[in-house]
Amino acid sequence: MARETSIAPIVARDVSVVLGNSRILHGITFSVSAGESVALLGPNGSGKSTLVRAMLGVVPLASGSIELFGQDISMRHKVSWDEIGYVPQRVSAGSGVPATALEVVKVGLLGPGKRLWADRGRKAREAALAALDAVGLADRANDHVQVFSGGQAQRVLIARALVRQPDLLFLDEPLAGIDRESRETLAELLANLQSQGLTLVTVLHEMGELESLMTRAIELRDGHIRRDGAPPRPDPGHDDLEHDHVHPHESPARTSHHAPILRTEMP
Ligand SMILES: Nc1ncnc2c1ncn2[C@@H]1O[C@H](COP(=O)(O)OP(=O)(O)OP(=O)(O)O)[C@@H](O)[C@H]1O
Ligand SMILES: [Mg+2]
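Residue numbers here run from 1 along each chain, matching the order of that chain's written sequence. Chain labels run from A onward and ligand labels from 1 onward, assigned in the order the entries are written. Only residues with pLDDT of at least 70 get local features here, since the model is predicted, and only at 80 or more are side-chain atom pairs given and counted; chain-wide, interface and lining totals rely on the full set of residues.

**As for the overall build of the protein**
Thought 1: The secondary structure listing takes helices from DSSP runs of H or I that are at least 4 residues long and strands from runs of E that are at least 2 residues long, numbered from the N terminus. Secondary structure summary: the protein contains five helices and 10 strands in total.
Thought 2: Counting over 267 residues, the protein shows a buried share of 42%.
Thought 3: C-beta atoms are first placed from the backbone for all residues, and any pair lying within 7 Å is then listed as a contact. Sequence-distant contacts in the protein: of pairs separated by 6 or more residues, those separated by 24 or more amount to 70%. Comment: burial labels come from other C-beta atoms within 10 Å of the residue's own C-beta, placed from the backbone, where a count of 20 or more is buried, 12 or fewer is exposed, and between is partly exposed.

Put into structure tokens, the structure is as follows:
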């Protein structure tokens, strides 16, 4: 990864978001260093998806500021969006438009900062196939996503985000609705990317298979940060979620011995 590690991928300062008549996020302040894997936790409606969307600049800030890789997102055209991947929470991959899994994944090669026609040609096809392979769907590349199950469609969207080879990846509930084998495949894939320096922000209800990847957890409650520190570890008789004031960044990023996936085949 070419990016300078000294630039923080995310700096959020006193961020508030108002949607409709409701204040959804209140004075959110945190920063994420390169290579961290942050679990964003909290109950339904606590503001997790809104915070992710705020960081992507798709919901307006009522106050405060967010910088991605040192660039304020209010200067939208200056942000290196090509370094940033996003898997939204629970949407259908095809949106009614007939498209194969391969075509959906290739769309991930487009966008601000990407070359014109970046989704065309043999290398684009190889990159998309590698991304589909990484989520266990290589054999479904030419199938229409409309016929995919919810979990398979979710994996196509993960492949679409990964084909960009992002330095910063937002995943909103990536484990929801996918089977254990696919969750394990995803965890292994993310561990590989993490060992190469990927910064990860993942909305989770349960840490599940991603638990060992997470170096930090930020817990939201009613739009406030309730806790920011080491990820909770399941320990019978000891509720880590209630254990505040733990030192952030105390768990080193997990490294992986698996061969890199996806990093070699870019156009
Ligand atoms: N466009 C909107 N207009 C008004 N309220 C909204 C809008 N989008 C989200 N909200 C409200 O903001 C709150 C936070 O929603 P958000 O989707 O961020 O929660 P979440 O933590 O991701 O929840 P879940 O775990 O259910 O996905 C909810 O009360 C929701 O109803
Ligand atoms: Mg959500």
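**Examining the environment of Asp72**
Thought 1: Mapped onto the elements, Asp72 comes out in strand β5 (residues 71-72).
Thought 2: In this structure, the C-alpha to C-alpha distance between Asp72 and Gly57, residues 15 residues apart in sequence, is 9.9 Å.
Thought 3: Ignoring sequence-local partners within four residues, the contact set of Asp72 consists of Ser65 and Glu67.

**Examining the site of ligand 1**
Thought 1: Around ligand 1, a shell composed of 13 residues is seen, among which Leu19, Asn44, Lys48, Ser49 and Thr50 lie nearest.
Thought 2: Only β2 (22-32) and α1 (48-55) provide two or more residues apiece to the shell around ligand 1.
Thought 3: At three residues, the largest contribution of residues to the shell around ligand 1 is made by α1.
Thought 4: Polar here means any residue outside two lists: the nonpolar Ala, Val, Leu, Ile, Met, Phe, Trp, Tyr, Cys and Pro, and the charged Asp, Glu, Lys and Arg; Gly therefore counts as polar. When its residues are assigned to classes, the shell around ligand 1 shows two nonpolar, 10 polar and one charged. What makes a residue near a molecule or strand is its C-beta atom, placed from the backbone, lying within 6 Å of it.

**Thoughts on the pairing of strand β6 (residues 84-87)**
Thought 1: By the alternation rule, side chains of β6 split into Ile84 and Tyr86 and Gly85 and Val87, which are all buried.
Thought 2: DSSP calls a pair of strands paired once it identifies at least 2 bridges connecting them. Where β6 meets strand β7 (residues 168-172), four bridges bridge the pair, whose relative direction is parallel. Its bridge partner lying in β7, Ile84 is registered against Leu168.

**Observations concerning the environment of Met207**
Thought 1: For Met207, the position within the fold is in the loop between β8 (199-203) and β9 (216-221).
Thought 2: Residues Met207 and Ala217, 10 residues apart in the sequence, show an inter-C-alpha distance of 9.9 Å.
Thought 3: Apart from residues lying up to four places away in sequence, Met207 is in contact with Ala39, Met214 and Pro231.

**Looking at the nonpolar core**
Thought 1: A set of buried Ala, Val, Leu, Ile, Met, Phe, Trp, Tyr and Cys residues, joined through C-beta atoms within 7 Å, is what we mean by a nonpolar core. Leu40, Val105, Ala128, Ala131, Leu132, Val156 and Ala159 are the most contacted members of the largest nonpolar core, which has 72 residues in total.
Thought 2: For this core, the element with the highest residue contribution is helix α3 (residues 121-134), accounting for eight residues.

**Some details on α3**
Thought 1: With 14 residues, α3 should reach 20 Å at 1.5 Å per residue; the first-to-last C-alpha distance of 20 Å fits that figure.
Thought 2: Of all the positions in α3, only Ala124, Ala127, Ala128, Leu129, Ala130, Ala131, Leu132 and Ala134 are classed as buried.
Thought 3: Tucked into the core, α3 has its buried residues touching α2 (101-107), α4 (150-162) and α5 (180-195).
Thought 4: A positive phi of about 75 degrees marks Gly136, the residue just after α3. Expected span of a helix: the number of residues minus one, times 1.5 Å.

**Observations concerning unusual backbone geometry**
Thought 1: Although it is not a glycine, Glu173 sits at a positive phi angle of roughly 55 degrees.
Thought 2: The residue Glu173 is located in the loop between β7 and α5 in this model.
Thought 3: At Asp222, a position not held by glycine, the phi torsion is positive, near 50 degrees.
Thought 4: Take Asp222: it is sitting in the loop between β9 and β10 (224-229).

**Details of α5**
Thought 1: For α5, built from 16 residues, the straight-helix expectation of 22 Å at 1.5 Å per residue is met to within 8% by its first-to-last C-alpha distance of 22 Å.
Thought 2: Listed in full, the buried residues belonging to α5 are Ser182, Thr185, Leu186, Leu189, Leu190, Ala191, Asn192, Leu193 and Gln194.
Thought 3: Within two residues after α5, Gly197 carries a phi angle of roughly 105 degrees, on the positive side.

**Here we look at the sheet that holds β10**
Thought 1: With respect to topology, six strands assemble into an open sheet ordered β6-β7-β8-β3-β9-β10, the strand pairing being mixed. Two strands close off the open sheet at either side, each with one partner strand: β6 and β10. Geometrically, the sheet is characterised by an average inter-axis angle of 15 degrees between neighbouring strands, direction not taken into account.
Thought 2: On top of the sheet, α4 reaches β6 and β7; it is set at about 175 degrees to β6, its chief contact. A fitted line through C-alpha atoms serves as each axis, taken over the contacting stretch for helices, and the angle formed by two N-to-C directions is quoted from 0 to 180°.

**Here we look at the confidence of the model for the protein**
Thought 1: The predicted model of the protein has a mean per-residue pLDDT of 83, with 80% of residues at 70 or higher.
Thought 2: The predictor rates its confidence in each residue with pLDDT, a number between 0 and 100. When the criterion is pLDDT under 50, residues 238-261 qualifies, and its contacts beyond four places in sequence or with other chains add up to 38 contacts.
Thought 3: In the predicted structure, residues 263-267 sits below a pLDDT of 50 and forms 12 contacts with residues beyond four places in sequence or in another chain.

**Here we look at the sheet that holds strand β4 (residues 63-68)**
Thought 1: Pairing is antiparallel in the open sheet, where four strands are placed in the order β2-β1-β4-β5. Two strands close off the open sheet at either side, each with one partner strand: β2 and β5.
Thought 2: The sheet contacts of α1 involve β1 (10-19), β2 and β4, and relative to β2 the element is tilted by about 65 degrees.

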